[in-house]
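Residue-level structure breakdown
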Amino acid sequence: MIIVIGAGPAGLAAAEAASRNGSDIALIDSSPRVGGQYWRNRGTVKGYRSGRADQLFSKISSAKSITHISEATVWSIEKEGDLFRVNYLQGGEESSLTAEKLILATGAYDRSLPFPGWDKPGSMTPGAAQAMLKGSGVLVGKRVVVAGTGPFLLPVATGLAESGAEIVGLYEANSPIRWLLSLHALLLNPGKFAELFYYGNLLKRFKISLKFNRAVSSFADGSATVSHINSHFMVKSQREKIVHTDVVAVGWGFLPDLTLGGIVGCAQRVDSDGTTIFAVDGEQRSSVENVWIAGEATGIGGADLSLIEGEIAGLSASSQSISPSKRFTRIRKEIFANALKRSYPIGDGWQSWPQESTTICRCEEVTMHEIRESVTELGAEDSRTAKLFTRAGMGLCQGRVCSRNVSEIVGGLTHCSVTDGERIASSNRPIASPISLGLLGDGKK
Amino acid sequence: MTERITFTFNDKEFTCESGQSIAAALIAADNRELRKTRFGNEPRSIFCGIGICFDCVVEIDGVANQRSCLVEAKQGMKVVSAT
C-alpha cells in the first residue's frame, strides 16, 4: 500500500501513475474535493476550466485501486517497524492508516511581506482572493488591487475581472527586463508564450494595465498607497499614488509546507532563492527510505513541474520504469522554474517598509518595534532568540506566515546573512496542525 | 438548484448557498470583520484563505479556533467571533 498525502497536481499525478500497475493507493487530502489549490473546484468558475484536470480527475475516480480520503487533516506521522502510521483528523474524529510507502505532495501557500496595514481587513493574499472565488463563488470586493511579484498575479487579476471585480491596479514589483537572462528557459517551454498571449489578451479585454517596479506600501480604510520601488525593493521617495480600493491582494511568490516531511525526518536544503525545500534524487526519493516527495515542497515551480514530479514519484514508488522522455520533461520544467526564481526575486528592501508599529507576527501581534528591540536592547543575535523574547512565530499558525520574515529582519538588523541551518530550523514544527489535548489523549493506543 | 443555508454570526442571521465557507458567506454579505485580536483589539478578516494563517478563526457551535475559510456553512450553525 502507498499513501499519497495531498490531492493537488503533484499528488493526483502520483496516485494516477502508481495505480497503473494496480498498486493499492490511499489518497489523503484536507479538502472535500480533489484538485488542491490550483484546481480547486475547477470547471465551475469562469476562467479556471482545465481539460488537463478533467482528464486526471476522471482517471483517479475510475481507478479501482485508489481510495480517496477527503476532508482529512494529517497531524502527525509515526514510524512503526517497516510501516508508516499516518494520523489524521476527519470530522473531529482521530483516525490512522498504515502503509509501507509514502508520497508527500503537500503543496505551498502564498508568501507574505509585512507593510503598514497588511493586517487590516481587506488586505489578503492573492491566493485568498482566488480561493474565495473558486471555492465559494464569492468576490472578495468590488474594487481590488492585485500586487506583489510573480506570474500568479495574472490569473488572479484576470480571474477576478472575469467574475465582475474591477481591478483598480495590477502592480508587479520586478522588471520584465529580468526575463532577458532566461530566454533559453522560454525557448525550452514554448507553451509559455501561448499562456503569456492568453493573459495579455485578457488584460486588454478588461482594460487592466500591468505596471512594473511598484508595490503597495500601505493600506488603510479603503485606500492603498502604491510606491515606485527600485530593484532592491527600496521605496523611491516622492513617487507614490493613492488608489481607492476595497481589497489589496498582495503576494510574494510561495512557501512550501514542509511540516510532514520534516516530521518523518526527510533531509532539507535551501534553494537558490532562500526557500527551504526537501532534497530529493532524480526519482523524487527523499533521504528517508520509502518516502517520495513531489511538487512545491521540492522547489517552487508551479503546476507543470508538479505534474511531472508527481508522475515520476508515483512510477518510482510503484516500481515501474521511468522513460528518458519523462526525465527530460522534468529537467525542462525545472529550467523554467529556475527562470521564475531569477525573474521574480524578493529584494531585501522590503525590510524598510514596516513602521515601528507595524505588526510582523499576526498571531501574537508582535510589532517591528518589539523585534528591533529584541536585537538592539536585549541582544538577540538570531531569529530563534528574537522569537523567544517576543513570541513572534509562536501563535496558531506556528510561524508559517512570519518566521522567514522574522529571520530575515533579524539578519538585516544584525548585519548577518541568515544561515541555511536557521532557515531550515524555522521551517519545521513537531505537530502539523493544532489538535486538542483531549483528542491527542483519546486517540492514542 | 443549490440549497439555501441559514446560520448566525454573533447572533445575527445570515443566508448563503450550501458549499460556501463561513468566511465567504460573511464577506459576500458585506461583513468583512471576523474577530478582534486578543491584545490590540484590532479587527481581522480572512488573510490566506486556505487554512494556513488562522487569522479567520471563529467559534462554531461551541468549538473554538475553527478556521472560517475552511469550514462550510451548515444549516443552523451558531458562529461567534473568537475572543
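Data block above holds the structure.
A brief report on the enclosed structure follows. Since the structure is predicted, the reported quantities are computational estimates derived from the model, not experimental observations.

**Focus: the sheet that holds strand β11 (residues 166-172) of chain A**
Residue and element names in this part refer to chain A.
- One open sheet holds the five strands; their spatial order is β9-β16-β10-β11-β12, and the pairing between them is parallel. In this open sheet, the two strands that pair with only one neighbour each are β9 (123-124) and β12 (210-212).
- The sheet contact formed by β11 and β12 spans three bridges and is parallel. Directly across from Glu172, in β12, lies its bridge partner Phe212.
- Contacting β9, β10 (143-149) and β16 (247-252), helix α3 (residues 126-136) runs over the sheet at an angle of about 120 degrees to β16.

**A few points about empty space enclosed by the protein**
Residue and element names in this part refer to chain A.
- This structure, assessed with the given rule, holds four cavities of 30 Å³ or more.
- Considering only enclosed or pocket space, the largest cavity measures out at about 210 Å³ in volume.
- Forming the boundary of the largest cavity are 17 residues, of which Leu255, Thr276, Ser403, Arg404 and Ser427 lie nearest the centre.
- Broken down by element, the residue count for the lining of the largest cavity peaks at three residues, all from helix α12 (residues 403-413).
- Its residues assigned to classes, the lining of the largest cavity comprises four nonpolar, eight polar and five charged.
- Both domains that meet at the lining of the largest cavity, namely domain 1 (2-109 + 255-322) and domain 3 (354-425), each give it at least three residues.
- Estimates place the volume of the second largest cavity at around 50 Å³.
- Classifying every residue of the lining of the second largest cavity by side-chain character gives seven nonpolar, three polar and one charged.

**Here we look at a nonpolar patch on the surface**
Residues and elements named next belong to chain A.
- On the surface, a nonpolar cluster with roughly 330 Å² of combined accessible area is contributed by Ile177, Leu180 and Leu183.
- Note on placement: Ile177 falls in the loop between β11 and α5 (183-188).
- Residue Ile177 is classed as exposed on the basis of its relative accessible area of 60%.

**Remarks on the pairing of strand β2 (residues 12-17) of chain B**
All names here are of chain B.
- Strand direction decides the pairing type here: strand β1 (residues 4-9) and β2, joined by six bridges, are antiparallel. Across the sheet, the residue bridging to Thr8 is Glu13, located in β2.
- In this structure, the hairpin formed by β1 and β2 is closed by a connection of two residues, where Asn10 is found at a positive phi of approximately 50 degrees.

**Side note on the packing of aromatic side chains**
- Scanning the entire structure with this criterion turns up 12 aromatic pairs over all chains.
- Taken together, a centroid distance of 5.6 Å and an interplanar angle of 85 degrees make the contact between Trp118(A) and Phe47(B) edge-to-face. Note that Trp118(A) is positioned in the loop between β8 (108-110) and β9 and Phe47(B) in the loop between β4 (43-44) and β5 (57-60), a pairing that runs across two chains.
- Using a relative accessible area of 3% as the deciding quantity, one classes Phe47(B) as buried.
- Aromatic side chains Trp179(A) and Tyr344(A) sit 6.1 Å apart centroid to centroid with 75 degrees between the ring planes, which places their arrangement in the edge-to-face category. Of this pair, Trp179(A) sits in the loop between β11 and α5 while Tyr344(A) is found in the loop between α9 (324-343) and β21 (359-361), placing the two residues 165 residues apart along the sequence.
- Trp179(A) gets classed as buried once you look at its relative accessible area, which sits at 17%.
- A cation sits over an aromatic face here: Arg362(A) above Trp118(A), 4.7 Å from the ring centre.

**Points about the packing of helix α4 (residues 153-162) of chain A against helix α6 (residues 191-205) of chain A**
Residue and element names in this part refer to chain A.
- Following both chains from N to C, one finds α4 and α6 inclined at 40 degrees, their axes separated by 10 Å at the closest point. It follows from the interaxial angle that α4 and α6 lie oblique. In this structure, α4 meets α6 at a crossing whose hand is left-handed. Only Tyr199, Leu202, Leu203 and Arg205 of α6 make contact with α4, whose side of the interface consists of Leu154, Pro155, Thr158 and Glu162.
- For the contact of α4 with α6, the residue count by class is five nonpolar, one polar and two charged.

**Some points on α6(A)**
All names here are of chain A.
- With 15 residues, α6 should reach 21 Å at 1.5 Å per residue; the first-to-last C-alpha distance of 21 Å fits that figure.
- For α6, every residue scored as buried is listed here: Lys192, Tyr199, Leu202 and Leu203. Taken around the axis of α6, the buried residues stretch over an arc of 100 degrees, which confines them to a single face. In α6, those exposed residues whose orientation departs by more than 90 degrees from the buried face are Ala194, Phe197, Lys204 and Arg205.
- The elements touched by buried residues of α6 are α4, β11, α5, β12, α8 (302-317) and α9.

**Considerations on the nonpolar core**
- Phe115(A), Val145(A), Val216(A), Val248(A), Trp252(A), Trp353(A) and Ile371(A) are the most contacted members of the largest nonpolar core, which totals 48 residues.
- Elements with a minimum of two residues in this core: β10, β11, β13 (214-220), β14 (223-229), β16, β21, α10 (368-376) and α12 of chain A.
- Each of domain 2 (112-252) and domain 3 (354-425) of chain A gives at least three residues to this core.
- Every residue in contact with Val216(A), bar those within four places of it in the chain, is listed here: Phe115(A), Val145(A), Ala147(A), Ala224(A), Thr225(A), Val226(A), Val248(A) and Val250(A).
- Core analysis: the next-biggest nonpolar cluster, separate from the first, contains 44 residues, Leu133(A), Leu160(A), Ala165(A) and Ala25(B) among them.

**Some remarks on the pattern of salt bridges**
Residues and elements named next belong to chain A.
- Enumeration according to the criterion identifies 28 salt bridges over all chains in this entry.
- For the salt bridge of Arg372 with Glu356, the shortest nitrogen-to-oxygen distance reads 2.8 Å. Within this pair, whereas Arg372 is found in helix α10, its partner Glu356 is found in the loop between α9 and β21, the two being separated by 16 residues in sequence.
- Two residues, Arg423 and Glu408, come together in a salt bridge whose shortest N-O distance is 2.9 Å. Here Arg423, found in helix α13 (residues 420-425), pairs with Glu408, found in helix α12; they are 15 residues apart in sequence, far enough to count as distant.
- The exposure class of Arg423 is buried, given its relative accessible area of 14%.

About the cut-offs
- Residues numbered from 1 in each chain as written.
- Chains lettered and ligands numbered in written order.
- Predicted model: local features only at pLDDT ≥ 70, side-chain atom pairs only at ≥ 80, totals over all residues.
- Heavy atoms only, no water.
- Pairing = 2+ DSSP bridges.
- Helix = DSSP H or I, 4+ residues; strand = E, 2+ residues; numbered from the N terminus.
- Contact = heavy atoms within 4.5 Å.
- Axes fitted to C-alpha atoms, helices over the stretch in contact; angles between N-to-C directions.
- 1 Å grid on protein atoms, 1.4 Å probe; cavity = no way out; pocket = protein on both sides within 12 Å on 5 of 7 lines; lining within 4 Å.
- Points joined across faces, edges and corners; volume = space filled by probe spheres on them.
- Nonpolar A, V, L, I, M, F, W, Y, C, P; charged D, E, K, R; others polar.
- Domains from an automatic or database assignment.
- Patch = residues over 30% accessible without salt bridge, like charges linked within 9 Å, V, L, I, M, F, W, Y side chains within 5 Å.
- Areas by Shrake-Rupley, 256 points an atom, 1.4 Å probe, with all protein chains shown as cover.
- Salt bridge = Lys/Arg side-chain N within 4 Å of Asp/Glu carboxyl O.
- Buried < 20%, exposed > 50% of the residue type's maximum accessible area, 1.4 Å probe, protein only.
- Phe/Tyr/Trp six-rings, centres within 6.5 Å; stacked < 30°, edge-to-face > 60°.
- Lys NZ or Arg CZ within 6 Å of the ring centre and 35° of its normal.
- Parallel < 35°, antiparallel > 145°, perpendicular 65-115°, else oblique.
- Left-handed = near helix turned anticlockwise from the far one by under 90°.
- Expected span 1.5 Å × (residues − 1).
- Arc of directions from axis to C-beta.
- Core = buried A, V, L, I, M, F, W, Y, C linked by side-chain atoms within 4.5 Å.

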